[in-house]
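Descriptive structure summary
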Amino acid sequence: LTWKELMTSKVKNDGKSEGNSKEEMMEIFVEIQSHYTNATAANDVDGLRFYGHLLRFLEGKANSKELSLSSDEKQMMAKHVRFFNSINEKFALDKKANLPGLSFLKRMLTDTIKECSEELPLS
């Protein structure tokens, strides 16, 4: 499955992956870097931690001369990015509306960052 397919659906990995082209790896990097830039502009500490980790993960791959992601790595990254974005968006909207329950959403963000770091460790 391509990064775009993984980011727009909740498909399960069927083991059929056409691999990573340089173009797809660049697409993934640019998207993660864009989210990091947005988090910087918004002073979003959770976004900086989350996307900073993913950037360091991709940089680690490049430093080890491995410019590709396994099918599992790509699927895990897409899953975490989708989930983090949905929680972070809800958190921002609820915070702006001064709704209760922000500590629950903050815990979800923290746990997502932790899970992502464990599943996609830095090399």
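Everything in this summary refers to the structure shown in the same document. Quantities reported herein were computed from a predicted structural model and do not represent experimental measurements.

1. Looking at the overall build of the protein
In terms of helices and strands, the protein carries five helices and zero strands. Secondary structure of the protein in N-to-C order comes out as α-α-α-α-α. The C-alpha atoms of the protein give a radius of gyration of 15 Å, which matches the 14 Å a tight globule of 123 residues would have. Each of the three principal axes of the protein carries a C-alpha extent, and together these read 45 × 30 × 25 Å. Relative to its 123 residues, the protein shows a buried fraction of 33%. Within the protein, contacts between residues at least 6 apart in sequence are counted, and of these 65% link residues at least 24 apart. Element-wise, carbon and sulfur atoms account for 56% of the exposed surface of the protein, whose accessible area totals about 7,600 Å².

2. Focus on the pattern of salt bridges
This model, assessed by the stated rule, comprises ten salt bridges. Across the salt bridge formed by E66 and K61, the nearest N and O atoms sit 2.8 Å from each other. In this structure, E119 and K79 form a salt bridge, with 3.6 Å as the shortest nitrogen-oxygen distance. Here K79 lies in helix α4 (residues 71–96) and E119 lies in helix α5 (residues 102–119), a separation of 40 residues in the sequence.

3. Notes on the packing of α4 against α5
Closest axis-to-axis distance for the α4/α5 pair is 10 Å, and the angle between their directions is 160°. Put simply, α4 runs roughly antiparallel to α5. Every pair of crossing elements has a handedness; the one defined by α4 and α5 is left-handed. The residues of α5 that touch α4, namely those facing M76, K79, H80, F83, F84, I87, N88, K90, F91, D94 and K95, are L102, L105, K106, M108, L109, T112, I113, E115, C116 and E119. Class assignment for the residues of the contact of α4 with α5 results in eleven nonpolar, three polar and seven charged.

4. Looking at the environment of K22
Secondary-structure assignment places K22 in helix α2 (residues 22–41). It is 7.5 Å that separates the C-alpha atoms of K22 and L67, two residues lying 45 residues apart in sequence.

Parameters and conventions
- Residues numbered from 1 in each chain as written.
- Predicted model: local features only at pLDDT ≥ 70, side-chain atom pairs only at ≥ 80, totals over all residues.
- Heavy atoms only, no water.
- Helix = DSSP H or I, 4+ residues; strand = E, 2+ residues; numbered from the N terminus.
- Rg over C-alpha atoms; globule rule 2.2 N^0.38 Å.
- Buried < 20%, exposed > 50% of the residue type's maximum accessible area, 1.4 Å probe, protein only.
- Contact = heavy atoms within 4.5 Å.
- Areas by Shrake-Rupley, 256 points an atom, 1.4 Å probe, with all protein chains shown as cover.
- Salt bridge = Lys/Arg side-chain N within 4 Å of Asp/Glu carboxyl O.
- Axes fitted to C-alpha atoms, helices over the stretch in contact; angles between N-to-C directions.
- Parallel < 35°, antiparallel > 145°, perpendicular 65-115°, else oblique.
- Left-handed = near helix turned anticlockwise from the far one by under 90°.
- Nonpolar A, V, L, I, M, F, W, Y, C, P; charged D, E, K, R; others polar.

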